[in-house]
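Residue-level structure breakdown
Residue-level listing of the chains:
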Amino acid sequence: MPVKFWSYHPQWDAQRATLMATVERVFDSGRLILGPEVSRFEASFAAYCHATCGVGVASGTDALFLALKGLGIGAGDEVITVANTAIPTVAAIRATGATPVFVDVRDDTGLIDCKLIPAALTSRSRCLLPVHLGGLAADLAELISLARSQGLFLLEDCAQATGATYQGKKAGSFGDAAAFSFYPTKILGAYGDGGMIITSSPELAEKLRRLRFYGIEKNYYAEEEGYNSRLDEVQAALLNLRLQGLDAEVNQRRRIAARYDAALAGVGDLRLPIIPAGQSHQYYLYTVRTRRRDELLNFLAARGIECRINYPTPIHLMRGYALLGYGPGSLPVTEQLAGEILSLPLYPDLPAVEQEEVIAAIQTYYGEI
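The structure contained in this document is the topic of the report that follows. What you see is a predicted model; the values in this text were computed from it and never measured.

Summing up its helical and strand segments, the chain has twelve helices and 13 strands in all. Computed over its C-alpha atoms, the radius of gyration of the chain comes to 21 Å, within 12% of the 21 Å expected for a compact globule of 369 residues. Seen along its three principal axes, the alpha-carbon backbone of the chain occupies a region of about 70 × 55 × 40 Å. Looking at the chain residue by residue over its 369 residues, the buried ones come to 54%. By sequence separation, contacts in the chain at least 24 residues apart represent 70% of the contacts at least 6 residues apart. Total accessible area on the chain stands at roughly 15,400 Å², and carbon and sulfur atoms take up 51% of it.

Residues Phe 27, Leu 32 and Ile 33 make up a contiguous nonpolar surface patch of about 290 Å² in total accessible area. Take Ile 33: it is sitting in the loop between helix H1 (9–29) and helix H2 (36–48).

Further remarks concern the nonpolar core. Ranked by internal contacts, the top residues of the largest apolar core, which has 83 residues, are Phe 41, Phe 45, Tyr 260, Leu 344 and Ile 362. Beyond its immediate stretch of four places on either side in the chain, Ile 362 contacts Leu 264, Val 267, Leu 270, Leu 296, Leu 300 and Leu 344. Of all hydrophobic cores here, the second largest spans 25 residues; its members include Ala 92, Cys 127, Leu 129 and Leu 211.

Strand order in the open sheet formed by seven strands is E1-E9-E8-E5-E4-E2-E3, with mixed pairing between adjacent strands. Looking along the sheet, the strands with just one partner apiece sit at the ends: strand E1 (53–57) and strand E3 (99–102). Ignoring which end each strand starts from, the neighbouring axes of this sheet average 25° apart. Bridge count for E1 against strand E9 (residues 195–199) is five bridges, and the pairing is antiparallel. If you follow Gly 56 over to E9, its bridge partner there is Met 196. Across the sheet, helix H7 (residues 202–211) lies against E1, strand E8 (177–181) and E9, angled at about 15° from E1, the strand it touches most.

Tyr 311 follows Asn 310 through a cis peptide bond whose omega is 15°. Backbone geometry places Leu 34, a non-glycine residue, at a positive phi of 45°. Assignment of secondary structure puts Leu 34 in the loop between H1 and H2. One non-glycine residue, Tyr 214, lies in positive phi territory at about 60°. Structurally, Tyr 214 is set in the loop between H7 and strand E10 (216–218). Among the residues examined, Tyr 214 registers a relative accessible area of 33% and is labelled partly exposed.

Parameters and conventions
Residues numbered from 1 in each chain as written. Predicted model: local features only at pLDDT ≥ 70, side-chain atom pairs only at ≥ 80, totals over all residues. Heavy atoms only, no water. Helix = DSSP H or I, 4+ residues; strand = E, 2+ residues; numbered from the N terminus. Rg over C-alpha atoms; globule rule 2.2 N^0.38 Å. Buried < 20%, exposed > 50% of the residue type's maximum accessible area, 1.4 Å probe, protein only. Contact = heavy atoms within 4.5 Å. Areas by Shrake-Rupley, 256 points an atom, 1.4 Å probe, with all protein chains shown as cover. Patch = residues over 30% accessible without salt bridge, like charges linked within 9 Å, V, L, I, M, F, W, Y side chains within 5 Å. Salt bridge = Lys/Arg side-chain N within 4 Å of Asp/Glu carboxyl O. Core = buried A, V, L, I, M, F, W, Y, C linked by side-chain atoms within 4.5 Å. Pairing = 2+ DSSP bridges. Axes fitted to C-alpha atoms, helices over the stretch in contact; angles between N-to-C directions.

Encoded structure:
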């Protein structure tokens, strides 16, 4: 049998009765959009992330876009971010009319290199948008210091890092706001799509609730120009159910990562994930680095082991974003990483026998070269 990179079927098979009972409860309620299930999940998720307010939206992309709009980011503004991220990070910035400004990343973590941010700042800089990639948070102490000293907003992209901690606090609780994705593959995934913005500013949360619903506060009257981006009741109820067992799932992710660490340390030229002091890793991805990435990827695929490259082409080198004016060599560490990174199968229900298949295949590959 092939080893899948990710699958929801083991969880579905184990929790089918509970999940379906939750869906039926929502259907029986007669309320499907922006009802009590969304409100409950907003409150519980915000509390889980050490924030006070949550605003459920239709996707992680919308969470980024609406958070930027809520902070007043728009045409003429610049937002500092990275290019080794999912396209939605940059698409959301562009959708506001603002310009993404890319900063290179650290060689050890692949996260934004805060030392390079000052040189990227201009009079139009308005917001820092770090991406907490793969389950690990960026250097939030340095980011907060920069944001405060330069008068910038700090918006955290937490799509891949739900629950990650930095100096004892959850990622997402440091900035003015944070955006989360509940795409099915994520650490906390829905059985469809969804997103959340968290903040500890009641005023910002109130504005975001208007923005997600056409600018309406009450009585179908738009207080401002808004949008349509609503988390539905079914997904909110399922996510709230999954939230209850999330820490146990993350612990299982960490056990699998530890198994990979122990078996693959010192194998060939593999560079394994690191965890900086004072942080925790959620292991949304278990990403290794090797100069033989493509050969290893093909070797594993031939043996039915599905791995992925997150992400093979940095955004600044994509044709769709050539208009931003970056070219090859402009972000050297980002570009080097793109040619070396490989994410191994890792999800809470990955069977132990399949973990061993991955390990054995990698050891075999390096034993043969």
